[in-house]
Amino acid sequence: MNVTFKKLHPHIGAEVSPLDLRQIHDRETLDALVGGMDEHGVLVFRDQPFTDAEQLAFAERFGGPLHKKPGIAALAKNRFDNDAIADIGNINEDGGIRAADDRKRAYSLANRLWHTDASFQDPPGRYSTLSARVIPPVGADTEFADMQAAYDDLDAAMKKQIEGLHVHHSIAYSRQLLGFDFSPAELEKLKGAVHPLVHVNPRTGRRSLYLAAHATRVIEMALPEGRLLLRDLTEHATQRQYVYRHAWKDRDLVIWDNQASMHRSTPFEDARYPRELRRITTIDVEVPAYA
Ligand code: OGA
Ligand code: MN
């Protein structure tokens, strides 16, 4: 099947020509979509009426094994009793809107910090597929920053300084930044993982900054210097020119490459309007599943 990509931003993001992802099973089309991910970092598909089962099957066809250890599982089971499905939005176990003091709401607020999904796992998250089921009439957009363009624009001295460095990522850290309290038993489950600061895409050879609000420290540096470096790089990489802002419509499916982008949610009146999405993320395994 012939697919085309229409750029949504000079650096990052493209809308894919109309197709029904539930019907896409052939390797050739799936490979063309993976190629589109390599080029654009974020792909937008309109009108994808997925059920959870269909989205699970598609994510696996597209990107291989699924990420099943979300940080929030350390707190409680999710509504779907399936840790591969991340419950994104503000709907509680009874189908109502989460109260202001709901602990899961407090935990999810950290999605407003620039981050990547599942960088606190080893292997880390690769592709996230986010399916819009109910979108409020008031925005609640998601922003994506291009970590490849941001890397390319660093000067030669900075590229040399950061080559070979490693970063520890912990999801507890990004929550603690906002004052969220974990019990000792929860913290025990959220120890995090270490990954290179510079990621190289094995197919294109393009380098990117692998950053997130989960990044606690640079392994090879003293704590303050490492944290300052992470902060400087994040400030650089999230300047407006690197950011595509996605305005959701019901039934959108957006896929992003967590190794080539960071993202964050934006504030809206979440005590008033329901917002409901499902995210299914694949993990970065050595042999690409589509090879
Ligand atoms: C996610 C996420 C942002 C949003 O699904 O991983 O960070 O706007 N979502 O809901
Ligand atoms: Mn996220």
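For the structure itself, look to the data block above.
What comes next concerns the included structure. (Residues numbered from 1 in each chain as written. Chains lettered and ligands numbered in written order. Predicted model: local features only at pLDDT ≥ 70, side-chain atom pairs only at ≥ 80, totals over all residues. Heavy atoms only, no water.)

1. Some points on the coordination of the manganese ion (ligand 2)
Right, on to step 1. Every protein donor of the manganese ion (ligand 2) is listed here as H115 (NE2), D117 (OD) and H263 (NE2), and their distances to the metal cover 2.1 to 2.2 Å.
Right, on to step 2. Each donor residue of the manganese ion (ligand 2) belongs to the same chain, with the gaps between them written as H-x1-D-x145-H. Neither residue differs from the other here; H115 and D117 are each classed as buried. (Donors = N, O, S within 2.8 Å, 3.2 Å for Na, K, Ca; no water. Buried < 20%, exposed > 50% of the residue type's maximum accessible area, 1.4 Å probe, protein only.)

2. So, the site of ligand 1
Right, on to step 1. Every residue near ligand 1 is listed here: I88, N111, H115, D117, L130, T142, W256, H263, S265, R275 and R279.
Right, on to step 2. Here an oxygen atom of ligand 1 sits 3.0 Å away from a polar atom, N or O, in the side chain of D117.
Right, on to step 3. Separating an oxygen atom of ligand 1 from a side-chain N or O atom of R279 is a distance of 2.6 Å.
Right, on to step 4. If ligand 1 stood free it would expose 290 Å²; the protein chains cover 99% of that surface.
Right, on to step 5. For the shell around ligand 1, the per-class residue count stands at three nonpolar, five polar and three charged. (Near = heavy atom within 4 Å. Polar contact = N/O pair within 3.5 Å; in protein donor to acceptor, adjacent residues only side chain to side chain. Areas by Shrake-Rupley, 256 points an atom, 1.4 Å probe, with all protein chains shown as cover. Nonpolar A, V, L, I, M, F, W, Y, C, P; charged D, E, K, R; others polar.)

3. Quick look at the environment of K159
Right, on to step 1. Structurally, K159 can be placed in helix α5 (residues 156-162).
Right, on to step 2. You can call K159 partly exposed: its relative accessible area is 24%.
Right, on to step 3. Separated by 39 residues in the primary sequence, K159 and V198 place their C-alpha atoms 9.0 Å from one another.
Right, on to step 4. Ignoring any residue separated from it by four or fewer positions in sequence, one finds K159 in contact with Y151, D152 and L154. (Helix = DSSP H or I, 4+ residues; strand = E, 2+ residues; numbered from the N terminus. Contact = heavy atoms within 4.5 Å.)

4. Some remarks on the side chain of Q259
Right, on to step 1. Along the polypeptide, Q259 turns up in the loop between β13 (253-257) and β14 (261-265).
Right, on to step 2. When its relative accessible area of 2% is taken as the criterion, Q259 is described as buried.
Right, on to step 3. Within the local environment of Q259, its side chain forms a polar contact with the backbone oxygen of G125, the two atoms lying 3.1 Å apart.
Right, on to step 4. Aside from chain neighbours lying at most four places away, what touches Q259 is P124, G125, R126, H199, S208, Y210 and D284.

5. Some details on a nonpolar patch on the surface
Right, on to step 1. Together, L109, L177 and L178 make up a nonpolar patch on the protein surface, roughly 260 Å² of accessible area in all.
Right, on to step 2. Here L178 lies in the loop between α6 (171-176) and α7 (184-189). (Patch = residues over 30% accessible without salt bridge, like charges linked within 9 Å, V, L, I, M, F, W, Y side chains within 5 Å. Salt bridge = Lys/Arg side-chain N within 4 Å of Asp/Glu carboxyl O.)

6. Some details on the packing of helix α1 (residues 27-40) against helix α2 (residues 52-63)
Right, on to step 1. Running from N to C, α1 and α2 point in directions that differ by 75 degrees, and their axes come no closer than 9 Å. Of the possible angle classes, the one that applies to α1 and α2 is roughly perpendicular. Residue-level contacts link R27, L30, L33, V34 and M37 of α1 to F58, R61 and F62 of α2.
Right, on to step 2. The residue inventory of the contact of α1 with α2, partitioned by class, reads six nonpolar, no polar and two charged. (Axes fitted to C-alpha atoms, helices over the stretch in contact; angles between N-to-C directions. Parallel < 35°, antiparallel > 145°, perpendicular 65-115°, else oblique.)

7. Regarding the pairing of β13
Right, on to step 1. Across the five residues of β13, five count as buried, placing the element largely inside the fold.
Right, on to step 2. Of the strand pairs in this sheet, strand β3 (residues 42-45) and β13 are connected by four bridges, and their pairing is antiparallel. Residue pairing for β13: V42 is matched across the bridge by W256.
Right, on to step 3. In this structure, strand β5 (residues 125-134) lies alongside β13, joined through five bridges in antiparallel fashion. Looking across to β13, one finds that T129 is bridged to I255. (Pairing = 2+ DSSP bridges.)

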